[in-house]
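# Results of the structural survey
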Amino acid sequence: MTAEEVKKKSVVKKEKKPPRPEDLAIDVASQEMIVRSREMGVETIFDRAQTMKACNIGAQGTCCKNCSQGPCRLPLPKGGIEGEDTRKGLCGATAQTIAARNFARMVAAGAAAHSDHGRGVAETFLAAARKETKDYKIKDTKKLLQIAPDFGVDITVEGKDGETLMRDMDEIAVEVGEAALAQWGQQQGEVCTVKRAPAPRYELWKKLGVIPRGIDREIVEIMHRTHMGVDQHYENLVEQCSRAAIADGWGGSMIATDLQDVMFGCPYPVKSSANLGVLREDHVNIVIHGHEPLLSEMIVQAAELPELLDLANKKGAKGIQLSGICCTANEILMRHGVPLCGDYLQQELAIVTGAVDAMVVDVQCIMESVANVAQCFHTKIITTNPRARIESGDTIHIEFDEHTAFEDAKKIVRTAIENFTKREKEVIIPDVKQDLVAGFSYEAIEYHLGGTFRGSYYTLNDNIINGRIRGIAGVVG
Ligand code: SF4
């Protein structure tokens, strides 16, 4: 063996130390659970983030697999982004075209996801308005009357003697539901809620030609334009991104908010708390995770049923503690004060407490790995939406249908209660939670700035304009 080889052999490869929990999360509760997950050998996103190395072509958005001739990979040219760029895919697509197409497909996916949530809400709203389901009701008639004109629905009718009469509320609700649902499949014209934008903004969109015609149409058009050999002009592609994004933000998502408010009531300020410390060791803990309030609203009601509270007591629990993660959490937080268990990054850590008897998930932001983490504990992961199932682990599926919503919710709560007695691992809940006030809906802010009769945004707007209020931060889940 040469001296060089001996030297090489004697160098003991140093194990790379994992980063300190405080370098991974600022939140103390998360740090505590990261330590526990490591001690138990349970892998979480904080571990995966250490080994995941982004592909530098993918990071630039210049890998294309939009047709079967690819994938075409366009690495950065010599001289970097400033140098002469002669990169092309097999079809001749430039780096700009490929990057714009990839971005456009991300916009399409995001708009599709948000707006499909809105479609589900519109379908349930219509079922409630037509009285095809007994579990959902038209609750906030004030908001219904406020939004009806935006959907082209009259709220009054002329009486026999020329007097103005209020139309039947059920009729208005059905027409609003039909008009709302039609926005998805509309082929021409404008998505009706876009007109709510401030006039200068609306005029700018009109001038730029980015007013969406229909919600689904703009998303489908992105998929078409980004296909091989179609739109090969990055600016033109980005223009379509704007159309789809407006269709989502000022269409699908806004309509979802409108109809949810009518069905479940507009949020008003309510006290609650947040972080993993909201879990309770002596309660059945049900964590609701995902995006849609249709299911969680029912679970909130089911968890208050005396028969299910009795069952929880019989199993040795003092009660049922509901909490939420992600947008579903936000929905039940702002309407019912149900505490927030954690954010997106805490979904695995909530299970690591050993206290979660069931994590009920619907759509979006649900890490597939929750099923793996749950396998190390007694936690049941319950998928509920036919669009979003998880293959890994011992996940169970209890399908949620708006026509049998309350019964489905009861079944889910019962499953969680039955699981309470199966806790095996020590329960360690970080003693960390923060008090909060949520529920500042548009309507609530307007009310708080002037009361029932003089509610207005004038005070807020005026103080922003005169500089006394420096700005407003939106915290988006
Ligand atoms: S569309 Fe063009 S760049 Fe993309 S995979 Fe096909 S040939 Fe390659």
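These lines cover the structure that appears in this document, whether it is placed above or below. (Residues numbered from 1 in each chain as written. Predicted model: local features only at pLDDT ≥ 70, side-chain atom pairs only at ≥ 80, totals over all residues. Heavy atoms only, no water.)

## A look at the site of the ligand
Put simply, the rule reads: Being near a molecule or strand, for a residue, comes down to having at least one heavy atom within 4 Å of it. Residue classes follow a fixed rule: Ala, Val, Leu, Ile, Met, Phe, Trp, Tyr, Cys and Pro count as nonpolar, while Asp, Glu, Lys and Arg count as charged, and any other residue, Gly among them, counts as polar.
Near the ligand you find C64, N66, C67, Q69, G70, C72, G89, L90, C91, I98, R101 and M228, and these make up its full shell. Looking at the shell around the ligand residue by residue, the class counts come to seven nonpolar, four polar and one charged.

## Considerations on the pattern of salt bridges
In plain terms, the rule: Throughout this description, the term salt bridge denotes a Lys or Arg side-chain nitrogen within 4 Å of a carboxyl oxygen of Asp or Glu. Residue burial is assigned from relative accessible area. The probe radius is 1.4 Å, only protein chains are included, and a residue is buried under 20% of its type maximum, exposed over 50%, and partly exposed in between.
The tally for this structure, following the rule as stated, stands at 32 salt bridges. Here K134 ties to D135 by a salt bridge, and the two come within 4.0 Å at their closest N and O atoms. Judged by relative accessible area, which is 65%, K134 ranks as exposed. For D135, a relative accessible area of 15% puts it in the buried group. Residues R213 and E218 are paired through a salt bridge, measuring 2.9 Å at the closest nitrogen-oxygen approach.

## As for the packing of helix α10 (residues 215–225) against helix α11 (residues 234–264)
Stated precisely, the cut-off is as follows: Axis definition: a line fitted to C-alpha atoms, limited for helices to the stretch in contact. Angles are taken between N-to-C directions and run from 0 to 180 degrees. We count a stretch as a helix when DSSP gives it H or I for four or more residues in a row; a strand needs E for two or more, and each element gets its number in order from the N terminus. An angle below 35 degrees is read as roughly parallel, one above 145 as roughly antiparallel, one from 65 to 115 as roughly perpendicular, and any other as oblique. The sense of a crossing depends on the near helix, which, turned anticlockwise from the far helix by less than a right angle, makes the crossing left-handed and, turned clockwise, makes it right-handed. In what follows, residue pairs with any heavy atoms lying within 4.5 Å of each other are defined as contacts.
Running from N to C, α10 and α11 cross one another at 150°; their axes reach a closest spacing of 8 Å. Considered as vectors, α10 and α11 are oriented roughly antiparallel to each other. Classified by chirality, the crossing of α11 by α10 is left-handed. Contacts from I215, E218, E221, I222 and R225 of α10 reach α11 at N236, L237, Q240, C241, R243, A244, A247, G251, G252 and I255. When grouped by side-chain class, the residues that make up the contact of α10 with α11 number seven nonpolar, four polar and four charged.

## A closer look at the environment of H283
Along the chain, the position of H283 falls in the loop between β5 (270–274) and β6 (284–289). Judged by relative accessible area, H283 falls into the buried class, the value being 9%. The spacing of H283 and G316 is 33 residues in sequence and 8.5 Å in space, taken between C-alpha atoms. Not counting the four nearest positions on each side in its chain, H283 is found in contact with A317, K318, G319, I320, Q321, D357, F420 and R423.

## Concerning the side chain of D408
Which entries qualify depends on this criterion: His is not counted, nor are the chain ends, whereas Lys and Arg count as positive and Asp and Glu as negative. Polar contact is the term for a pair of N or O atoms within 3.5 Å; when the atoms are in protein, one must be able to donate a hydrogen and the other to accept it, and sequence-neighboring residues count only if both atoms are side-chain atoms.
With respect to the helices, strands and loops of the structure, D408 is situated in helix α17 (residues 405–420). Among buried charged residues, D408 stands out as having no salt bridge; its nearest opposite-charge side chain is K411, 6.2 Å away. A distance of 2.8 Å separates a polar atom in the side chain of D408 from the backbone nitrogen of D401. Sequence-distant contacts of D408, that is, excluding residues within four places in its chain, are made with I398, E399, F400 and D401.

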